[in-house]
Amino acid sequence: MNRDPRTAIGIKADGKMVLIVVDGRQPGYSTGMTGKELAEYLIRLGVEEAAMLDGGATSQMLVEGSLKNRPSDRGLERPVAGAFIVKLKDT
């Protein structure tokens, strides 16, 4: 399997959700991960159930409107057909 940008979501035993975006295809910055490497990393984080989502240049993470990674498409956001939106409850 190729080393590429990856996106995954997982659930830990305590019910906490893990969202991860891995940059890639950027020599000198990030080469990405294989699917197996991503699975092994999620296991190290304690994730018990996970799904690998769309990858490549659409792998991007925004937090409160701010891009938190460097997508492989010139480091810029790109239109996507679907997304996970997480809204935290006010406590």
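Throughout, a residue's number is its position along its own chain's written sequence, starting from 1. pLDDT decides what is reported in this predicted model: residues at 70 or higher carry local features, side-chain atom pairs at 80 or more are listed and counted, and totals for whole chains, interfaces and linings draw on all residues regardless. Each side-chain value is worked out from all heavy atoms of the structure, with water and hydrogens disregarded.

A. Structural context of helix H1 (residues 35-44). Categorising residues by exposure relies on relative accessible area from a 1.4 Å probe, with only protein chains included: less than 20% of the type maximum marks a residue as buried, more than 50% marks it as exposed, and the intermediate range marks it as partly exposed. Runs of E in the DSSP output that reach at least two residues are strands. Runs of H or I that reach at least four are helices, and both are numbered from the N terminus. Burial in H1 covers these residues: Gly35, Leu38 and Leu42. Along H1, the residues classed as buried sweep out an arc of 60 degrees about the axis, all on the same side. Looking at H1, the residues exposed on the side facing more than 90 degrees away from the buried face are Lys36, Ile43 and Arg44. Of the residues trailing H1, Gly46 is marked for its positive phi of about 95 degrees. What the arc measures is the spread of directions leading from the helix axis to the C-beta atoms.

B. Structural detail: the sheet that holds strand E3 (residues 47-52). Each pair of strands is called paired provided DSSP finds at least two bridges between the two strands. Read from one edge of the open sheet, three strands run E2-E1-E3, paired in antiparallel fashion. One side of each edge strand has no neighbouring strand; the edge strands of this open sheet are strand E2 (17-22) and E3. Pairs of neighbouring strands in the sheet enclose a mean axial angle of 25 degrees, with direction left out of account. In this structure, strand E1 (residues 6-12) lies alongside E2, joined through six bridges in antiparallel fashion. Note on E2: the bridge partner recorded for Thr7 is Val21. Note on geometry: axes are lines fitted to C-alpha atoms, helical ones only across the stretch in contact, with angles between N-to-C directions running from 0 to 180 degrees.

C. Up close: the side chain of Thr34. Mapped onto the fold, Thr34 is located in the loop between E2 and H1. The residues contacting Thr34, other than those within four sequence positions of it, are Met1, Asn2, Arg3 and Arg6. Every residue pair with non-hydrogen atoms within 4.5 Å of one another is taken to be in contact.

D. Focus on unusual backbone geometry. Backbone geometry at Arg25 places phi at a positive 60 degrees, although glycine is not the residue there. Take Arg25: it is sitting in the loop between E2 and H1. At Glu64, a position not held by glycine, the phi torsion is positive, near 50 degrees. Relative to the assigned elements, Glu64 resides in the loop between strand E4 (62-63) and strand E5 (66-67). Among the residues examined, Glu64 registers a relative accessible area of 82% and is labelled exposed.

This is a description of form; function is not addressed.
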